[in-house]
Amino acid sequence: MGGSAMPHLSLLEQALLTGVLTGGLYGLLALGLSLSWGLLRLVNLGHFAMALLGAYLTWWLGTSYNVAPWWAGLLVVFVFFFYGVGLHWVFMRFRVTEMASMLITFAFAVIVESTIQTIWTADFRRYETAWGSQSWVVGSLYVPKLNTIAFVVAGALAAATWAWLRYTYAGRALRACAEDPPIATAFGINHRGLSFLLSGLCAAFAGVAGVFIALIATLAPSEIWSWIGVVFAVVIIGGLGNPLGALAGGVLIGVCEAMTMAIVNPSWAPLVSFSVLIALLLFRPRWI
Amino acid sequence: MLLEARNLTNGYGGAPAIWDVSIDVGEGEIISVIGPNGAGKSTLINTIAGLLRGQTGSLRLGGTELSTVPSHQICNHGIALVPEGRRLFTGMSVEENLEIGCYRSAARRNRDQSLERVYGLFPVLRERRQQLAGTLSGGQQQMVAIARALMTQPRLLLLDEPSLGLAPSIVGDMFRIIRTIQSEGMAILLVEQNVLQAMEIADRAYVLEEGRIVASGLPRELLAQSRIKEAYLGL
Ligand SMILES: Nc1ncnc2c1ncn2[C@@H]1O[C@H](COP(=O)(O)OP(=O)(O)OP(=O)(O)O)[C@@H](O)[C@H]1O
Ligand SMILES: [Mg+2]
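Residues numbered from 1 in each chain as written. Chains lettered and ligands numbered in written order. Predicted model: local features only at pLDDT ≥ 70, side-chain atom pairs only at ≥ 80, totals over all residues. Heavy atoms only, no water.

Q: Can you explain the interface of chain B and chain A? Please cite residues and give values.
A: With 24 residues of chain B in contact, the opposing surface of chain A contributes 18 residues. Buried surface at the junction of chain B and chain A, both sides included, amounts to about 2,000 Å², of which 64% is carbon and sulfur. Put simply, chain B and chain A have 3 salt bridges between them. In this structure, the connection of chain B to chain A is made through 5 residue pairs in polar contact (both at pLDDT 80 or more). Going through the elements one at a time, α2 (94-101) and α6 (138-150) of chain B are the ones with two or more residues in the side of chain B that touches chain A. The element contributing the most residues to the side of chain B that touches chain A is α2(B), with 4 residues. Of the residues belonging to the side of chain B that touches chain A, the class tally is 11 nonpolar, 6 polar and 7 charged. (Contact = heavy atoms within 4.5 Å. Buried area = accessible area lost by both parts, 1.4 Å probe. Salt bridge = Lys/Arg side-chain N within 4 Å of Asp/Glu carboxyl O. Polar contact = N/O pair within 3.5 Å; in protein donor to acceptor, adjacent residues only side chain to side chain. Helix = DSSP H or I, 4+ residues; strand = E, 2+ residues; numbered from the N terminus. Nonpolar A, V, L, I, M, F, W, Y, C, P; charged D, E, K, R; others polar.)

Listed below in structure tokens is the structure:
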């Protein structure tokens with residue numbers, strides 16, 4: 001029957017849209033990780049733990065104290081910035097290397113996970129709001145409002161960070177330090193001050209991601225680990241330290257996952273990110 | 001004297017790589033330091049640039065002691081480095097590299113004039129200013145390294161083997177550029193293995209061997225010494 005192709009097509013369109021929007025959330029999570037890995041040479045697994053902590057704080061402030069998510073979000077982002085600065089102080093104080101940073105922040109993530117579990121138990125948590133599940137209807141597509149806002153925020157942050165790294169003296173100085181710290185120093189760049197700022201920003205980005213995770217996803221302490229694989233793939237595909245790449249990588253993975261779920265089988269989705277990563281590493285496009 | 005280095009000793013943990021080195025650079029002078037591989041030339045120049053710290057002895061620029069100045073403030077005192085092997089920021093465009101040169105706030109104010117000046121010296125860089133520095137030819141990369149250093153508006157330019165790895169036809173151009181920069185009033189400390197050209201261009205020269213200054217003076221006097229002629233010119 002001729003008509004039977006239509007619902008199939010719109011199903012694919014809906015999957016594509018879901019993939020793009022999910023990809024925005026992946027990109028948002030990947031942003032801080034990519035920047036600290038690429039520009040500070042620190043692999044911060046604690047980034048995921050902080051995002052989840054930010055999500056729990058947003059949910060907790062909202063459900064227990066009736067704090068609106070945007071106010072909770074502002075508070076989380078503000079506090080996280082200073083946590084990021086403090087974290088970098090610790091890294092500098094103990095001269096932590098790239099490899100060591102991964103192990104230390106892994107331990108940190110485990111501690112955050114058990115702390116969350118102790119305070120809020122291992123139960124699933126869902127932040128119910130009146131507007132949380134609203135959608136715009138465009139033609140035959142349902143466009144969820146919250147996911148769209150998350151995508152727009154991810155895009156704005158990625159673009160702003162990209163412009164900052166490219167067009168400001170501070171941003172260019174950070175890129176110079178990532179390539180050759182001693183020579184950057186010889187040209188008057190004080191890496192310490194700039195790296196504190198960047199580390200603070202990365203943590204603040206984890207906070208932003210956390211707010212949207214609270215509103216969009218179901219929370220459980222072990223969620224920390226479910227993102228690591230996907231977001232690592234996103235960071236590497238996007239290119240370390242490349243904010244627009246992180247978003248593009250997120251969208252690529254998000255779309256591939258959603259398409260796999262729609263066309264093949266939902267249970268294959270977890271394989272997608274690594275298959276894409278491996279394929280890209282084998283063919284090595286120039287940007288990686 | 002603009003630069004007065006006195007009894008500098010510095011190294012890498014174990015035995016010192018330079019030992020009791022004293023050199024002077026006057027305003028507007030070109031001073032060459034020659035010496036064989038591993039003599040300590042880069043160690044000396046990096047110590048002056050603040051890249052390698054932990055030296056003993058004194059290092060004064062225009063009367064200011066630099067040993068206690070933090071590394072990232074050395075360039076504020078008027079020292080700019082063209083490092084061995086150029087060490088450009090290869091993932092950044094030519095113009096971004098030059099803008100790192102005018103990062104310090106005093107130089108930032110004169111960004112536009114400085115860019116005009118270095119593009120005047122190296123017109124090819126203006127054409128290539130959007131290109132990634134890592135994709136340029138060796139000679140062009142050396143131009144970027146020199147231009148980046150000039151962007152800091154230094155009083156003393158440190159050049160560590162600027163002719164290293166360049167095609168012989170370009171080496172001559174490089175020395176002409178150095179001469180031009182000096183004629184605009186800048187003092188230059190040049191480290192080279194290209195002995196003849198380095199001697200020809202220099203007002204005075206030092207010979208560094210195994211971390212010590214073994215001879216110094218006017219280039220023609222040094223080249224007249226049979227020991228130096230034998231060791232460096234193979235005559
Ligand atoms: N990073 C380092 N760590 C340890 N030893 C070093 C280091 N760099 C140089 N050296 C040693 O210090 C000595 C002086 O080296 P330096 O690079 O200053 O010589 P150079 O005169 O610049 O040589 P070249 O002409 O090859 O550039 C050498 O014996 C070298 O092996
Ligand atoms: Mg050397």
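Resuming the write-up.
Q: Requested: an account of the coordination of the magnesium ion (ligand 2), with residues and values cited.
A: The expected angle between donors at a tetrahedral four-coordinate metal is 109.5 degrees. At an octahedral six-coordinate metal it is 90 or 180 degrees. Looking at the magnesium ion (ligand 2), the protein donor atoms are S42(B) (OG) and E84(B) (OE), and they sit 1.9 to 2.0 Å from it. You can see S42(B) sitting in helix α1 (residues 41-49) and its partner E84(B) sitting in the loop between β6 (79-82) and α2, a full 42 residues away along the chain. (Donors = N, O, S within 2.8 Å, 3.2 Å for Na, K, Ca; no water.)

Q: Provide a residue-level description of the sheet that holds strand β9 (residues 204-209) of chain B, including the pertinent values.
A: Residue and element names in this part refer to chain B. Pairing is mixed in the open sheet, where 6 strands are placed in the order β6-β7-β8-β3-β9-β10. Each edge of the open sheet carries a strand with a single partner, namely β6 and β10 (212-217). Strand-to-strand twist of the sheet, defined as the mean angle between neighbouring strand axes without regard to direction, takes the value 20 degrees. Pairing between strand β3 (residues 30-34) and strand β8 (residues 187-192): 5 bridges, direction parallel. The residue bridging V33 from the neighbouring strand is V191, located in β8. Contacting β3, β6, β7 (156-160), β8 and β9, α1 runs over the sheet at an angle of about 150 degrees to β7. (Pairing = 2+ DSSP bridges. Axes fitted to C-alpha atoms, helices over the stretch in contact; angles between N-to-C directions.)

Q: Give me the lowdown on the packing of α6(B) against helix α7 (residues 168-183) of chain B, citing residues and values where you can.
A: Residues and elements named next belong to chain B. Running from amino to carboxyl end, α6 crosses α7 at an angle of 15 degrees, the nearest separation of the two axes being 11 Å. Comparing the axis directions of α6 and α7 gives the class roughly parallel. α7 is crossed by α6, and the crossing has right-handed handedness. Taking contact as the criterion, the partners of G139, Q142, I146 and L150 in α6 are, on α7, I170, M174 and I181. Tallied by class, residues from the contact of α6 with α7 come to 5 nonpolar, 2 polar and no charged. (Parallel < 35°, antiparallel > 145°, perpendicular 65-115°, else oblique. Left-handed = near helix turned anticlockwise from the far one by under 90°.)

Q: Account for the site of ligand 1, with residues named and values stated.
A: Residue and element names in this part refer to chain B. In the region of ligand 1, 13 residues are neighbours, and K41, S42, T43, E84 and Q193 sit closest. One of the side-chain N or O atoms of Y12 is found 3.5 Å from a nitrogen atom in ligand 1. Between ligand 1 and G38, the relevant distance is 2.9 Å, taken from an oxygen atom to a main-chain nitrogen or oxygen of the residue. In the complex, the protein chains occlude 57% of the 630 Å² of accessible area that ligand 1 would expose alone. For the shell around ligand 1, the element with the most residues is α1, which contributes 3 residues. Class assignment of the residues belonging to the shell around ligand 1 gives a composition of 4 nonpolar, 6 polar and 3 charged. (Near = heavy atom within 4 Å. Areas by Shrake-Rupley, 256 points an atom, 1.4 Å probe, with all protein chains shown as cover.)

Q: Account for the sheet that holds strand β2 (residues 16-25) of chain B, with residues named and values stated.
A: Residue and element names in this part refer to chain B. The sheet built from 4 strands is open, its strands ordered β2-β1-β4-β5 with antiparallel pairing. Looking at strand neighbours, the two that pair on one side only are β2 and β5 (64-65), the edges of this open sheet. Relative to β2, strand β1 (residues 3-11) is paired through 6 bridges, and the arrangement is antiparallel. Bridge pairing links L8 to V21 in β2. Across the sheet, α1 touches β1, β2 and β4 (56-61), and the angle it forms with β2 is around 65 degrees.

Q: Explain the pattern of salt bridges to me, and be specific about the residues and the numbers.
A: Opposite charge on two side chains permits pairing when their charged atoms draw close. All chains considered together, the criterion is met by 14 salt bridges over all chains. Between R175(A) and E96(B) there is a salt bridge, with its nearest N and O atoms 3.0 Å apart. With R175(A) in helix α6 (residues 169-179) and E96(B) in helix α2, this residue pair bridges two chains. The pair R175(A) / E96(B) is uniform in exposure class, with both members buried. The salt bridge partner of R227(B) is E209(B), with a shortest N-O separation of 3.7 Å. Highlighted residues: R227(B) in helix α10 (residues 226-233) and E209(B) in strand β9, separated in sequence by 18 residues. What makes R227(B) partly exposed here is its relative accessible area of 43%. (Buried < 20%, exposed > 50% of the residue type's maximum accessible area, 1.4 Å probe, protein only.)

Q: I'd like to hear about empty space enclosed by the protein, residue by residue, with values.
A: All names here are of chain A. One pass over the full model with this rule turns up 1 cavity of 30 Å³ or more. Empty space within the largest cavity amounts to approximately 120 Å³. As for the largest cavity, its lining consists of 17 residues, and the residues nearest its centre are S36, N44, L87, S199 and C202. Only α1 (5-40), α2 (46-65), α3 (69-93) and α8 (191-216) provide two or more residues apiece to the lining of the largest cavity. The dominant element in the lining of the largest cavity, judged by the number of residues it contributes, is α3, at 5 residues. For the lining of the largest cavity, the per-class residue count stands at 10 nonpolar, 7 polar and no charged. (1 Å grid on protein atoms, 1.4 Å probe; cavity = no way out; pocket = protein on both sides within 12 Å on 5 of 7 lines; lining within 4 Å. Points joined across faces, edges and corners; volume = space filled by probe spheres on them.)

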